[in-house]
Amino acid sequence: MIALRKLNLWKRLRHHLNIWAVLSLISIIIIIVPSLLIAIEFFAEPNHNWTHIKEYLLQEYIYNSIVLLLFTALATIVIGVSLAWLVTMYKFPLRNILKWGLILPLAIPPYIGAYTYHGIFNYTGIVQVNLRNTFEITVNQSYFNIMTIPGAIFIFTIFLYPYVYTITRSFYQFQSSSLIENARLLGSNSIETFFRIGLPISRVAIVGSVTLVVLEVLNDYGVASYFGIQTFSTAIFRTWYGMQDIDSALKLAGALMLIVILILILEKFLRGRKRYSFSSTKVRPIQPQQLKGWKAFLVFFYCFGVFVIACIIPILQLLQWAYITYEKIYSNEFINLIYQSILVASIASSIIVLGSLVIANYTRLYRGALTKIISRVTTLGYSIPGAAIAIAVITVFLAIDRYLTSISDILSVDPIFVFRTSLVMLIVAYIIRFLAIGYNSIESGFEKVGNTFTEASRMLGYSTVKTFFKIDIPLVRGAIFSGFILVFVDILKELPLTLFLQPFNFATLATQAFKYANDEMVHEAALASLLIIFISGISIYFFHRILDKEPR
């Protein structure tokens, strides 16, 4: 009996352990190792720097981070949900343009928005110059200083609300119109219908989307650093570079990870078990009502106002600055900057898509506890802030370099390769952070096509590998392309990881724009910023107008 059990166990083990499993396990080990390192160092013996940080500075980091997270979350919910409701429920002037135009601020990274709005409102900015020269008004500088915590909340809100808007609008679009009609029949007006029906049924969508906003704020380094706000991300890098204390930086990364875990637990709690699904297969989608008169104007004014503040004004300002500095900035060095940005984003995106393909194929073909764990760990990386990933990755690679150096010393030869001066470290960090994006895209592609074609191919005698290349990849090529573009754009915009893991004498569009802005050369940062926005904007348009198959 025992021998039979052992035989069955061996068969199951052989069934699950194959080349797909090995490659998948290697991929998730890359994600797990830095997280484990942070956890171990968090509980290690503290040094005097950490005692100082804990006693005098930690409270400020926690307070600033919580204030930023809380008020940004509230503001993005108010703006994102209200826009989603109005665009779904009503017809008003320019609705079809604003429907996707309100997504475009997502193409502007918040740190670029921060440089731009600071440039607009500072003493030499267009607002104060016009007030002085045209209206002869000299203003109190404190009223126009946005480099404060409220200013950072404003920046995060206007450039991150599209997360809440897009997810909540997608939810409303597929709800039954009978819900709204019944509310109206029972005497509810428009506002009452929103608070009694619209808001409760979209709770899951709102919680999910605002969690993304909160994770983006925690991941931010550019806005907080430029505005001089002390948060965990800025503290990690200052401890690392300023104090040369990697142990205390890892402890800060551990504290940051604790906040992320608490947020994810809170998200599960807020989502609860409530689900709203159709009770009938005959579902009539919500048909928007035509607004007339002052109501149409009011809704248009609100939606268009948000679009202008979050998209039109910053882009126009960047275009003006780019026009002024174009001749100075555009050079062989700038072209090299574009080349380096595209090169590193292409290499990392290709590796991520390949890894995602392997993991997604393994988890769909071999169902079980192991594949569930692999699937969960794969999506874990995106929730880890860039600062925590950067400090963990550099610690691991410094240890590898030391090990290789000691071997070289024993063999009395020069070290063949030093990781900390190469792109390897940066690309590994990208893989940890963005593998989840590529995986989610390809996994959804596999879910759509199902396993029928794969099983038919296997019955006809094709091996798993041959089926993968001949059948599976052509079927999910759209999802592969989507995953590649999404990862590519995110890497192009990524700042904290690139800024702190880039090799010497290497820069990207994002880091160069940050460098110009930090050196008080905001105008010179415009051209690089516009290129990032242009590429991101094209991708967002592509996904939301074509791949998303919106009704047009």
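Residues numbered from 1 in each chain as written. Predicted model: local features only at pLDDT ≥ 70, side-chain atom pairs only at ≥ 80, totals over all residues. Heavy atoms only, no water.

- The name that an unreviewed UniProt entry assigns to the chain is Iron ABC transporter, with the source organism given as Desulfuribacillus stibiiarsenatis.
- The chain has a UniProt comment under Sequence similarities (unreviewed entry) that states "Belongs to the binding-protein-dependent transport system permease family." (UniProt positions renumbered as here; feature names shortened; annotations may be inferred.)

**What to know about the confidence of the model for the chain**
Here's step 1: Scored by pLDDT, the chain comes out at a mean of 84, with 92% of its residues at no less than 70.
Here's step 2: Of all secondary-structure elements in the chain, the lowest mean pLDDT belongs to helix α1 (residues 2-16), at 60, while helix α14 (residues 293-329) reaches the highest, 93. (pLDDT = per-residue confidence, 0-100. Helix = DSSP H or I, 4+ residues; strand = E, 2+ residues; numbered from the N terminus.)

**Considerations on the state of the cysteines**
By definition, a disulfide links two cysteine residues through a covalent bond between their sulfur atoms.
Here's step 1: Enumeration over the complete set of coordinates arrives at 0 disulfides.
Here's step 2: Between C303, a free cysteine, and C311, which holds the nearest cysteine sulfur, the sulfur-to-sulfur gap is 14 Å. (Disulfide = S-S within 2.5 Å.)

**So, the domain arrangement of the chain**
Here's step 1: Per the domain assignment, the segments making up the chain are domain 1 (44-274 + 292-318) and domain 2 (330-551).
Here's step 2: If you average the C-alpha positions of domain 1 and of domain 2, the two centres end up 25 Å apart.
Here's step 3: The partner domain 2 presents 40 residues to the 38 residues of domain 1 that form the contact.
Here's step 4: Taking both sides of the interface into account, the surface hidden between domain 1 and domain 2 amounts to around 3,400 Å²; carbon and sulfur atoms contribute 73%.
Here's step 5: Of all residues in domain 1, Y115, N219 and L318 give up the largest surface area on contact with domain 2, accounting jointly for 17% of the area buried on that side.
Here's step 6: Summed over the shared surface of domain 1 and domain 2, the result is 0 salt bridges.
Here's step 7: Mapped onto the side of domain 1 that touches domain 2, the elements with two or more residues apiece are α4 (95-101), α5 (110-121), α7 (149-173), α10 (203-219), α11 (222-227), α12 (232-242), α13 (246-271) and α14. (Domains from an automatic or database assignment. Contact = heavy atoms within 4.5 Å. Buried area = accessible area lost by both parts, 1.4 Å probe. Salt bridge = Lys/Arg side-chain N within 4 Å of Asp/Glu carboxyl O.)

**Re the packing of helix α18 (residues 424-449) against helix α21 (residues 477-493)**
Each pair of packed helices can be summarised by the angle the axes make with each other and by the distance between the axes.
Here's step 1: The geometry of α18 relative to α21 is characterised by a closest axis approach of 8 Å and an angle of 155 degrees between their N-to-C directions. Here α18 lies roughly antiparallel to α21, going by the angle between them. Remark: the crossing between α18 and α21 carries right-handed chirality. Between α18, through Y430, F434, I437, G438, S441, I442 and G445, and α21, the contact on the second element is made entirely by A479, I480, S482, G483, L486, V487, D490 and I491.
Here's step 2: Its residues placed into classes, the contact of α18 with α21 shows 9 nonpolar, 5 polar and 1 charged. (Axes fitted to C-alpha atoms, helices over the stretch in contact; angles between N-to-C directions. Parallel < 35°, antiparallel > 145°, perpendicular 65-115°, else oblique. Left-handed = near helix turned anticlockwise from the far one by under 90°. Nonpolar A, V, L, I, M, F, W, Y, C, P; charged D, E, K, R; others polar.)

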